Amino acid sequence: RIIVHTYKCDRSMDAVRACQIWVLWKRVGCRFKSSNVVLQVSKICACMSSLLACAMIVVLGFSSGRQRSLIMRQKEMQIGEVNRFEQVIEYVGGKALHTALAASKFHETVLVTPSGDGMNSRFMEDILRSRHPNCHSRFICDSGKDVRICTTILEEAEGGGHRMTELVEPSPAWSDSCLTSTLETVRNEMAKKECK
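## Examining the overall build of the protein
Part 1 of the reasoning: Of regular secondary structure, the protein possesses 5 helices and 8 strands.
Part 2 of the reasoning: Each helix and strand of the protein, ordered N terminal to C terminal, gives the series β-α-α-β-β-β-α-β-α-β-β-β-α.
Part 3 of the reasoning: Surface accessibility of the protein: about 11400 Å² in total, with carbon and sulfur atoms responsible for 52%.

## Points about the pattern of salt bridges
Part 1 of the reasoning: Tallying each qualifying case throughout the model produces 8 salt bridges.
Part 2 of the reasoning: A salt bridge links Arg73 to Glu156; the nearest nitrogen and oxygen atoms lie 3.3 Å apart. Of this pair, Arg73 sits in strand β3 (residues 65-73) while Glu156 sits in strand β7 (residues 149-156); the two residues are 83 residues apart in sequence, bridging distant segments of the chain.
Part 3 of the reasoning: Among the salt bridges present, the one from Lys145 reaches Asp142, with a minimum N-O distance of 3.5 Å.
Part 4 of the reasoning: Connected through salt bridges with shared partners, the residues Arg66, Arg68 and Glu90 form a single ionic network.

## Here's the deal with helix α5 (residues 176-191)
Part 1 of the reasoning: Here α5 contains 16 residues, and its C-alpha end-to-end distance of 23 Å stays within 8% of the 22 Å for a straight helix at 1.5 Å per residue.
Part 2 of the reasoning: Among the residues of α5, those classed as buried are Cys178, Thr182, Thr185, Val186 and Glu189. Looking straight down α5, one finds that the buried residues subtend no more than 100° of arc, so they occupy a single side. In α5, the exposed residues that point more than 90 degrees away from the buried face are Asp176, Ser177, Thr180 and Ala191.

## As for the nonpolar core
Part 1 of the reasoning: Counting residues in each nonpolar core, the largest one holds 18 residues, and the members touching the most others are Val59, Val92, Leu97, Leu111, Met124 and Leu128.
Part 2 of the reasoning: Of all the secondary-structure elements, those providing two or more residues to this core are β2 (57-60), α3 (95-103), α4 (119-131) and β6 (135-141).
Part 3 of the reasoning: Looking at which element gives the most residues to this core, the answer is α3, with 5 residues.

## A word on the sheet that holds β7
Part 1 of the reasoning: The strand order β4-β3-β7-β8 describes an open sheet built from 4 strands, whose pairing is mixed. Whereas interior strands pair on both sides, the edge strands pair on one side only; in this sheet they are β4 (87-93) and β8 (162-168). Ignoring strand direction, the axes of neighbouring strands in this sheet form an average angle of 20°.
Part 2 of the reasoning: Judged from the 8 bridges that link them, β3 and β7 form a sheet pairing that is parallel. In the strand pairing of β7, Arg68 is matched with Thr151.
Part 3 of the reasoning: Its contacts with the sheet place α4 against β3, β4 and β7, and it is angled at close to 80° to β4.

## Structural notes on the environment of Ser171
Part 1 of the reasoning: Topologically, Ser171 is positioned in the loop between β8 and α5.
Part 2 of the reasoning: Spatially, the C-alpha atom of Ser171 lies 5.9 Å from that of Arg148, the residues being 23 residues apart in sequence.
Part 3 of the reasoning: A polar contact of 3.2 Å, which involves the side chain of Ser171, links it to the side chain of Arg148.

## Considering the confidence of the model for the protein
Part 1 of the reasoning: Mean pLDDT over the protein stands at 76; residues scoring 70 or higher make up 69%.
Part 2 of the reasoning: Throughout residues 1-13 the model reports pLDDT below 50, and contacts reaching past four residues in sequence, or to other chains, amount to 29 contacts.
Part 3 of the reasoning: With pLDDT under 50 throughout, residues 21-39 is counted as low confidence; its partners more than four residues away or in other chains account for 22 contacts.

## Points about the side chain of Thr182
Part 1 of the reasoning: Mapped onto the elements, Thr182 comes out in helix α5.
Part 2 of the reasoning: Not counting residues up to four positions away in its chain, the partners in contact with Thr182 are Leu60, Phe62, Val112, Pro114 and Ile140.

Cut-offs and rules
- Residues numbered from 1 in each chain as written.
- Predicted model: local features only at pLDDT ≥ 70, side-chain atom pairs only at ≥ 80, totals over all residues.
- Heavy atoms only, no water.
- Helix = DSSP H or I, 4+ residues; strand = E, 2+ residues; numbered from the N terminus.
- Areas by Shrake-Rupley, 256 points an atom, 1.4 Å probe, with all protein chains shown as cover.
- Salt bridge = Lys/Arg side-chain N within 4 Å of Asp/Glu carboxyl O.
- Expected span 1.5 Å × (residues − 1).
- Buried < 20%, exposed > 50% of the residue type's maximum accessible area, 1.4 Å probe, protein only.
- Arc of directions from axis to C-beta.
- Core = buried A, V, L, I, M, F, W, Y, C linked by side-chain atoms within 4.5 Å.
- Pairing = 2+ DSSP bridges.
- Axes fitted to C-alpha atoms, helices over the stretch in contact; angles between N-to-C directions.
- Contact = heavy atoms within 4.5 Å.
- Polar contact = N/O pair within 3.5 Å; in protein donor to acceptor, adjacent residues only side chain to side chain.
- pLDDT = per-residue confidence, 0-100.

Put into C-alpha cells, the structure is as follows:
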C-alpha cells in the first residue's frame, strides 16, 4: 500500500507532477526535446510502475477544496477598478485531490479528506462522485466548517502571453475529532487489502 501524504510537505508537488507526467506519457505518448526531461520522465515512470503495482493507493489530503478560474481575454486586470471576466470555470482542487484523480486513471485509488457541511464542500463532493467514480472518495464531515475556495485569475494577452494570479483562502482548522476520524478511515481503507 502507498500513502501519498501532501499536507505541509515540501516534496508533495513531486507526487502531483509524477502522476501528471505519467498520465501524459502513457495516454498521450508525449515526446520531450530535452534529454534531461526524458531522463526525469523515465525515472518517474519507473517509480510510478512500482507504485501502481500495489494493491491500492490511499491519498490523504487536508486542504482539498473548490477551484474557481476567472479568465480575462485581450486585456489586463486593473487593480482598484471593476473587472469583467469572459469566462468562469469551477472545479475541484488541491495537491492530494489532483494526485488521487491522476492515479485513479490507472489504479484503484481512495481519497480520504476532511470536508464540511457548507456549499463548497457539497460542490466538491458532488463533482468527485459524479465525474470521477474510479476515485473512491471518503469525506469526513466536520459540522459547521466548509472547504476553502482557491481563485485563479488568468489574463490572456493579445500577443499570446498570459499572467496568472492566485487568490488562496486559508484552510479550515479541522477539529480534533475530525482529524481522528480521518486517520481512522485511512487505517480502515489500508486494512481492506493486502500488499502485492
